[in-house]
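The lines below spell out each chain.
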Amino acid sequence: MKYATLAGLMVLAASTQAETIAKVSTKFRMLGPNDKIVIEAFDDPGVAGVTCYLSRAKTGGMSGAVGLAEDTSDASIACRQTGPVQLAEDIYNGQRDGEEVFKKRTSILFKTMQVVRFYDASRNTLIYLTYSDKLVDGSPKNSITAVPLYRPTPVKK
């Protein structure tokens, strides 16, 4: 039981960390930082060999500078196989469908952007969905990406 709790905490800690790859300004702000689009990368903590790239809106201004701004729900995601992939049995059989692999707070209270993973067994493909939710009302804005897991064979001539 102790090991399961520790493993769960490690997955949770890994799921909240992302590397900022780039930022571009989208709106000039006279006071405080500009509004931006931020590109972040994170590795799926449950599937080695898969990296996801998430672009999301980041609100600037004075409220953004002190962490009080609420970011919009706009986001896009692209995940790719970046190394050998081996699926755990519980992912392969669908028991971990909908597992949260990344979460980022997008307002001071109750709003988060998250990424969840699903496995499409009939196509041997991992599917990642990003969306935002809020305590009272979430947003229907979302983005998905798919990572096919196969080894193509060369065509013989």
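Just above sits the structure.
So, here's what we can say about the structure. (Residues numbered from 1 in each chain as written. Predicted model: local features only at pLDDT ≥ 70, side-chain atom pairs only at ≥ 80, totals over all residues. Heavy atoms only, no water.)

1. Some details on a nonpolar patch on the surface
Test applied: Without a salt bridge and with relative accessible area above 30%, a residue can belong to a patch; like charges are then joined within 9 Å and nonpolar side chains (Val, Leu, Ile, Met, Phe, Trp, Tyr) within 5 Å. Here the Shrake-Rupley method, with its probe set to 1.4 Å, supplies the accessible areas, and only the displayed protein chains count as covering residues. A pairing counts as a salt bridge when a side-chain nitrogen of Lys or Arg comes within 4 Å of a carboxyl oxygen of Asp or Glu. Think of it this way: any DSSP run of H or I at least four residues long counts as a helix, any run of E at least two long counts as a strand, and we number them from the N terminus.
On the surface, Ile21, Val24, Ile37, Ile39 and Tyr53 cluster together into a nonpolar patch covering about 400 Å² of accessible area. When residues of the nonpolar patch are traced back to their parent elements, those giving at least two are β1 (19–27) and β2 (35–43). Following the sequence through the fold, valine 24 ends up in strand β1.

2. A short note on the sheet that holds strand β6 (residues 111–120)
Going by this rule: Two strands pair under a simple rule: DSSP has to find at least two bridges between them. For helices, the fitted axis covers only the stretch in contact; all axes are lines through C-alpha atoms, and the angles between them, taken along N-to-C directions, range from 0 to 180 degrees.
Pairing is antiparallel in the open sheet, where 4 strands are placed in the order β5-β6-β7-β8. Two strands bound the open sheet, and with one partner strand each, they are β5 (99–105) and β8 (142–148). Ignoring which end each strand starts from, the neighbouring axes of this sheet average 20 degrees apart.

3. Observations regarding the state of the cysteines
Inclusion rule: The disulfide criterion used throughout: a pair of cysteine sulfur atoms within 2.5 Å. Burial classes: relative accessible area under 20% of the type maximum marks a residue as buried, over 50% as exposed, and values in between as partly exposed (1.4 Å probe, protein chains only).
According to the stated counting rule, one finds 1 disulfide in the structure shown. Put simply, cysteine 52 and cysteine 79 are joined by a disulfide, and their sulfur atoms are 2.0 Å apart. Here the disulfide of cysteine 52 and cysteine 79 is right-handed, its torsion about the S-S bond being about 105 degrees. Here cysteine 79 lies in strand β4 (residues 75–81) and cysteine 52 lies in strand β3 (residues 50–58), a separation of 27 residues in the sequence. Each member of the pair, cysteine 52 together with cysteine 79, is buried.

4. Considerations on the side chain of serine 143
Put simply, the rule reads: Residue contacts are counted whenever heavy atoms from the two residues lie within 4.5 Å of one another.
Considering the arrangement of structural elements, one finds serine 143 in strand β8. By relative accessible area, which is 13% here, serine 143 ends up buried. Excluding residues that lie within four positions of it along the chain, serine 143 makes contacts with Ala75, Ser76, Ile77, Tyr128, Leu129 and Thr130.

5. So, the pairing of β3
Two strands pair when backbone bridges link them, and β2 and β3 are joined in this way by 8 bridges, in the antiparallel orientation. If you follow lysine 36 over to β3, its bridge partner there is lysine 58. Between β2 and β3, which pair antiparallel one after the other, the connecting turn spans 6 residues, and glycine 49 there sits at a positive phi close to 95 degrees. Across 7 bridges, the pairing between β3 and β4 is antiparallel. Paired with leucine 54 across the bridge in β4 is isoleucine 77.

6. Description of the packing of aromatic side chains
To keep things clear, this is the line we draw: Two rings from Phe, Tyr or Trp (for Trp, the six-membered ring) form a pair when their centres sit within 6.5 Å of each other. Planes less than 30 degrees apart are called stacked, planes more than 60 degrees apart edge-to-face, and all others tilted.
Applying the stated criterion across every chain yields a total of 2 aromatic pairs. Ring centres of phenylalanine 42 and phenylalanine 102 lie 4.5 Å apart, and the angle between their planes is 15 degrees; on these two criteria the pair is classed as stacked. Of this pair, phenylalanine 42 sits in strand β2 while phenylalanine 102 sits in strand β5, and the two are 60 residues apart along the sequence. Phenylalanine 102 shares its class with phenylalanine 42; the two are buried. With a centroid separation of 5.6 Å and 35 degrees between ring planes, the pair formed by tyrosine 92 and tyrosine 119 is classed as tilted. One end of the pair, tyrosine 92, is in helix α3 (residues 89–92); the other, tyrosine 119, is in strand β6, and 27 residues separate them in sequence. Judged by relative accessible area, tyrosine 119 falls into the buried class, the value being 8%.

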